[in-house]
Protein chains: 2
Amino acid sequence: MTGVLDIYPAGRITLREVGLRDGLQLVKNFPSTQAKQEWIRCEYAAGMRHFEVGSFLPASRMPQFADVREMIETVEALPSAFSMALALNERGAADALATGVNEIVCVVSATEEHSQANARRTRAEAVDLVRTVARMRDGSGRRPLINAGIAMAFGCSIAGAVAPAQVIALAEQCLEAGADIVGIADTVGFAGPRQVGELAGAMTRLCDARPYIVHLHDTRGMGIANASTALDAGARVLDGSLGGLGGCPFAPGATGNVVMEDLVYLCETKGFRTGIDLDALTAVREIPAAEMPQEQLFGAVARAGPPRTIVWRS
Amino acid sequence: MTGVLDIYPAGRITLREVGLRDGLQLVKNFPSTQAKQEWIRCEYAAGMRHFEVGSFLPASRMPQFADVREMIETVEALPSAFSMALALNERGAADALATGVNEIVCVVSATEEHSQANARRTRAEAVDLVRTVARMRDGSGRRPLINAGIAMAFGCSIAGAVAPAQVIALAEQCLEAGADIVGIADTVGFAGPRQVGELAGAMTRLCDARPYIVHLHDTRGMGIANASTALDAGARVLDGSLGGLGGCPFAPGATGNVVMEDLVYLCETKGFRTGIDLDALTAVREIPAAEMPQEQLFGAVARAGPPRTIVWRS
């Protein structure tokens, strides 16, 4: 049986490529299945091992994720690679459990207002869904992790400020409901490093030796600073996307997820070995650039390259 | 007489707009004198008080700074605003002392290799120039601060890694030579937050109650993370440029100085009051955008705006 420490080994950093899911959430034109498979394989060759690949939804709602099963199989074919996919209801979870996905992501909103607006359920009902999905998993022949991702954990586009204690209480409920791992997401990019330090510190205390996920957006330019503070506070699993793909539904044109290339550079300068070849990773940008010419790719390392006159891996 | 604490008051943060100097250092087309004056006045109206406005060099070498005297006068006309300008030799210092500039910036390289390549002098000769300029100031009727800016303080495009102890020793020499204030500059954007924390911490201990300047570039996406760490380590004077103007002579097309708009947002989320109106500051981007359509303006806050559903000033 695969446990959470098999997918997220203790004592090392894990970076997760979410560009193939969160990065494509808002786009109208999206890469072909073949291009997405090539994207996964090229990032894998660069050293990436964790891929969020799609969402189990009717293809009519999100055609960009209609091929989620093929994406999962693509990751499955790569040794020691792991796939994650969203399941937003029981039907999605059942579909996910029919595949070899390594992690099913359920979303819980940090605020009642966003929970109702986004999923038409209360937060308590969202936690109940985590419990249901965990039981469905336990009764299936499959052993994917159940991940409870707490959206709007650093501030809500509807309700405004979110107290860290409120997020910690929800994280505890999710773990009690059977989640193997919890994520805290700055969905709309409100967070600053002080806030991230506070909440990540509290998560480190709550989760103790268990990993938790920090999912940051660069909507207001704080992505890398927030990631740096999260690492300082003990976070060891961070999300990012190639070229910072992904946006913000409440700020059209805004920057998206933390840029993976810059996140790798950050980790390496801080002494965390990522196992990722930055030049090879940067080269993968050509795939989304060619497939989605209308999308802007962000990131500074991709422009400047790593320093050439020093051994930049500290 | 104006002292260093008149220009950089203790117990509060000072952000300095260097876009009109460092931001224009590498451009071929530059704004008109009138547009630069408007830029200064609009940023002043947004709350900015410190402006690096040019360099005292023959106009034939750097035509973008031919109007440095008018820029200084523009700042002089604004109550409680301060101007800084570079002087790279005795002649430049003499020219600067004939104006009402509030601060003369001398540049000292952290490495012997860059000092020779950039200024054709040894580091010891660069420190001697600081001493000479301080004496020239003392013998003049003017009282500008003498600022010794240490270039390549976080790594050198020629010599590679730079030890913090080497920078601290140079900073001590500059202070002993008569500099009122020292700056540490990540000229080519090699720094990561761990390194910034180490060097800024050592500068905080060296300078004690005296301010020092942290000048960061976003060449590899670490600008805001580095600024955040510098603030944590006690730095209280930080440089930035509107839209991240400025580049890197060794990485064509690279991002430039830390984006001022994002830096303001960072400071406010950390509880440092900047006195700067972020919406008004962001609106000033229209001036360089109109005058230099070929230059890319960076920054995430300018795309997304500050959060609208929370009081984002913490």
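Numbering of residues starts from 1 in every chain and runs along the sequence as written. Whichever chain is written first is A, and whichever ligand is written first is 1; the rest continue in order. Confidence filtering applies because this is a predicted model: local features only for residues at pLDDT of at least 70, side-chain atom pairs given and counted only at 80 or more, and all residues used for totals across whole chains, interfaces and linings. With hydrogens and water excluded, all non-hydrogen atoms of the structure serve as input to the side-chain values.

Draft legend 1. Just the relation of the copies chain A and chain B, in detail. Least-squares fitting of one copy onto the other uses the C-alpha atoms of those residues that reach a pLDDT of at least 70 in both copies. Superposition record for chain A on chain B: RMSD 0.0 Å, screw rotation 180°, translation along axis 0.0 Å. Here the transformation between the copies is reduced to the relation of a two-fold axis. Proximity to the rotation axis, assessed at the C-alpha, singles out A:Ala225 in chain A; its C-alpha lies 1.8 Å from the axis. Only heavy atoms enter the contact rule, under which two residues are in contact if any of them lie within 4.5 Å. When you check the interface residues of chain A against chain B, 98% turn up at the interface there too, and the contact is symmetric in its surfaces.

Draft legend 2. View of the UniProt feature "domain: Pyruvate carboxyltransferase" (unreviewed entry) in chain A. UniProt positions are given in the numbering used here, feature names are shortened, and annotations may be inferred rather than shown by experiment. The UniProt record marks residues 13–282 of chain A with the feature "domain: Pyruvate carboxyltransferase" (unreviewed entry), using the residue numbering of this structure. Numbering of helices and strands starts at the N terminus; helices are DSSP runs of H or I of at least 4 residues and strands are runs of E of at least 2. Helix makes up 40% of residues 13–282 of chain A and strand 16%, whereas the separation of the span's terminal C-alpha atoms amounts to 19 Å.

Draft legend 3. Structural detail: the side chain of A:Asn226. Residue and element names in this part refer to chain A. Here Asn 226 lies in helix H9 (residues 223–232). Throughout this description, buried means an accessible area under 20% of the type-specific maximum (1.4 Å probe, protein chains only), exposed means over 50%, and partly exposed covers the range between. Asn 226 sits in the buried class, given a relative accessible area of 0%. What Asn 226 contacts, discounting residues up to four positions off in sequence, is Asp 186, Ala 191, Gly 192, Pro 193, Val 196 and Leu 216.

Draft legend 4. Highlighting the packing of helix H6 (residues 123–139) of chain A against helix H7 (residues 164–176) of chain A. All names here are of chain A. Only C-alpha atoms enter the line fits that serve as axes; for helices the fit covers just the stretch in contact. Angles between N-to-C directions range over 0 to 180 degrees. Running from N to C, H6 and H7 cross one another at 30°; their axes reach a closest spacing of 8 Å. Here H7 runs roughly parallel to H6, going by the angle between their axes. For the pair H6 and H7, the sense of crossing is right-handed. Counted together, Arg 123, Val 127, Val 130 and Arg 131 of H6 and Gln 166, Leu 170, Gln 173, Cys 174 and Glu 176 of H7 form the full contact between these two elements. Working definition: roughly parallel below 35 degrees, roughly antiparallel above 145 degrees, roughly perpendicular at 65 to 115 degrees, and oblique for all remaining angles. Helix crossings are classified by the rotation of the near helix relative to the far one: an anticlockwise turn of less than a right angle makes the crossing left-handed, while a clockwise turn makes it right-handed.

Draft legend 5. Summary view of the sheet that holds strand S2 (residues 50–56) of chain B. All names here are of chain B. Following DSSP output, two strands are said to pair if at least two bridges run between them. Taken in spatial order, the eight strands line up as S1-S2-S3-S4-S5-S6-S7-S8 and close into a barrel, and their pairing is parallel. The sheet shows a mean angle of 30° between the axes of neighbouring strands, taken without regard to direction. As defined by bridge partners, strand S1 (residues 14–17) adjoins S2 across two bridges and the pair is classed as parallel. Each residue of the ladder has a partner; that of Glu 17, found in S2, is Phe 51.

Draft legend 6. Structural context of the pairing of strand S5 (residues 145–151) of chain A. Residue and element names in this part refer to chain A. Here S5 lies mainly inside the structure; seven of its seven residues are buried. A two-sided burial pattern is seen for S5, the buried positions comprising Leu 145, Asn 147, Gly 149 and Ala 151 on one face and Ile 146, Ala 148 and Ile 150 on the other. As defined by bridge partners, strand S4 (residues 103–109) adjoins S5 across seven bridges and the pair is classed as parallel. When the sheet's bridge partners are listed, Cys 106 is paired in S5 with Ala 148.

Draft legend 7. Representation of the sheet that holds strand S6 (residues 181–185) of chain A in the model. Residue and element names in this part refer to chain A. Strand order around the closed barrel formed by eight strands is S1-S2-S3-S4-S5-S6-S7-S8, with parallel pairing between neighbours. Pairwise comparison of adjacent strand axes, ignoring direction, gives a mean angle of 30° for this sheet. Here S5 pairs with S6 via four bridges, running parallel. Pairing of Ile 150 across the sheet is with Ile 184, part of S6.

Draft legend 8. Molecular detail of the interface of chain A and chain B. The partner chain B presents 40 residues to the 41 residues of chain A that form the contact. In this description, buried area is defined as the sum, over both parts, of the accessible area (probe of 1.4 Å) that is lost when the two are combined. Buried area between chain A and chain B, both sides added, is near 3000 Å², and the carbon and sulfur share of it is 60%. On the chain A side of the contact with chain B, A:Arg194, A:Arg220 and A:Arg303 bury the most area, a combined 22% of that side's loss. When a carboxyl oxygen of Asp or Glu is within 4 Å of a side-chain nitrogen of Lys or Arg, the pair counts as a salt bridge. Where chain A packs against chain B, one counts zero salt bridges. Under this definition, polar contacts are N or O atom pairs within 3.5 Å; protein pairs additionally need one hydrogen-donor-capable and one acceptor-capable atom, and for neighbouring residues in sequence, both atoms have to be side-chain atoms. The interface formed by chain A and chain B contains eight residue pairs in polar contact (both at pLDDT 80 or more). Elements with a minimum of two residues in the side of chain A that touches chain B: helix H8 (193–207), H9, helix H10 (260–269) and helix H13 (301–304) of chain A. Counting residues per element, the side of chain A that touches chain B draws most heavily on H10(A), which supplies four residues. Residue polarity is assigned by list, with Asp, Glu, Lys and Arg as charged and Ala, Val, Leu, Ile, Met, Phe, Trp, Tyr, Cys and Pro as nonpolar; anything else, Gly included, falls into the polar class. Each residue belonging to the side of chain A that touches chain B can be placed in one class, and the counts come to 20 nonpolar, 15 polar and six charged.

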